[in-house]
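# Survey of secondary and tertiary structure
If you want the building blocks of each chain, they are given just below.
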Amino acid sequence: MKTINELDAVALTCNLPKYGLVRGDVGTAVLVHGDGVAFEVEFVGYDGHTVALLTLERAQVRPLDTNDIPHARELEHA
């Protein structure tokens with residue numbers, strides 16, 4: 001499993017409907033807890049506002065891969 005470091009872009013592996021986030025949404029790991037068991041991840045809109053700042057477990061995020069492609073969608077507020 002590839003390591004996630006601070007300031008790495010990560011993708012959600014699950015939906016988080018409480019925050020209006022869906023699998024594949026991209027955020028930034030701003031803090032690594034322990035040996036990578038959890039992360040503080042910030043999700044930001046293209047206008048620069050923070051959509052959510054969440055503590056997520058390793059299973060809830062993955063590093064971006066060279067086969068990933070950016071995608072834009074309108075945020076549905078929870």
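Calculation rules
- Numbering of residues starts from 1 in each chain and follows the order in which that chain's sequence is written.
- Only residues with pLDDT of at least 70 get local features here, since the model is predicted, and only at 80 or more are side-chain atom pairs given and counted; chain-wide, interface and lining totals rely on the full set of residues.
- Excluded from the side-chain calculations are hydrogens and water; all other atoms, namely the structure's heavy atoms, are used.
- Each residue's exposure class comes from its accessible area (1.4 Å probe, protein chains only) as a fraction of the maximum for that residue type: buried when under 20%, exposed when over 50%, partly exposed otherwise.
- Counting from the N terminus, the helices are the DSSP runs of H or I reaching at least four residues and the strands are the DSSP runs of E reaching at least two.
- For two strands to be treated as a pair, DSSP must find at least two bridges joining them.
- A positive count includes Lys and Arg, and a negative count includes Asp and Glu. His and the chain ends are not counted in either.
- Here a salt bridge means any side-chain nitrogen of Lys or Arg lying within 4 Å of a carboxyl oxygen belonging to Asp or Glu.
- Pairing of N or O atoms within 3.5 Å defines a polar contact, subject to two protein rules: one partner must be a possible hydrogen donor and the other a possible acceptor, and residues neighboring in sequence count only if both atoms are side-chain atoms.
- Residues belong to one nonpolar core when they are buried, are Ala, Val, Leu, Ile, Met, Phe, Trp, Tyr or Cys, and are joined through side-chain atoms within 4.5 Å.

Of all seven residues in strand E3 (residues 38-44), five are buried; the element is thus mostly enclosed. Pairing analysis gives five bridges linking strand E2 (residues 26-33) to E3, with the strands arranged antiparallel. When the sheet's bridge partners are listed, Ala29 is paired in E3 with Val41. Across seven bridges, the pairing between E3 and strand E4 (residues 50-57) is antiparallel. Note that in E4 the partner of Val44 across the bridge is Thr50. Count of turn residues in the E3/E4 antiparallel hairpin: five residues, of which Gly48 carries a positive phi of about 95 degrees.

Our next topic: the side chain of Glu40. Relative to the assigned elements, Glu40 resides in strand E3. Nearest to the buried, unbridged Glu40 among oppositely charged side chains is Lys18, at 13 Å. At 2.9 Å, the side chain of Glu40 and the side chain of His33 are in polar contact. Side-chain polar atoms of Glu40 contact the side chain of Thr55, separated by 2.4 Å.

As a further point, take the nonpolar core. Of all hydrophobic cores here, the largest spans 13 residues; its most connected members are Leu12, Leu21, Val41, Phe43, Leu54, Leu56 and Val61. Contributing elements (two or more residues each) for this core: strand E1 (9-12), E3 and E4.

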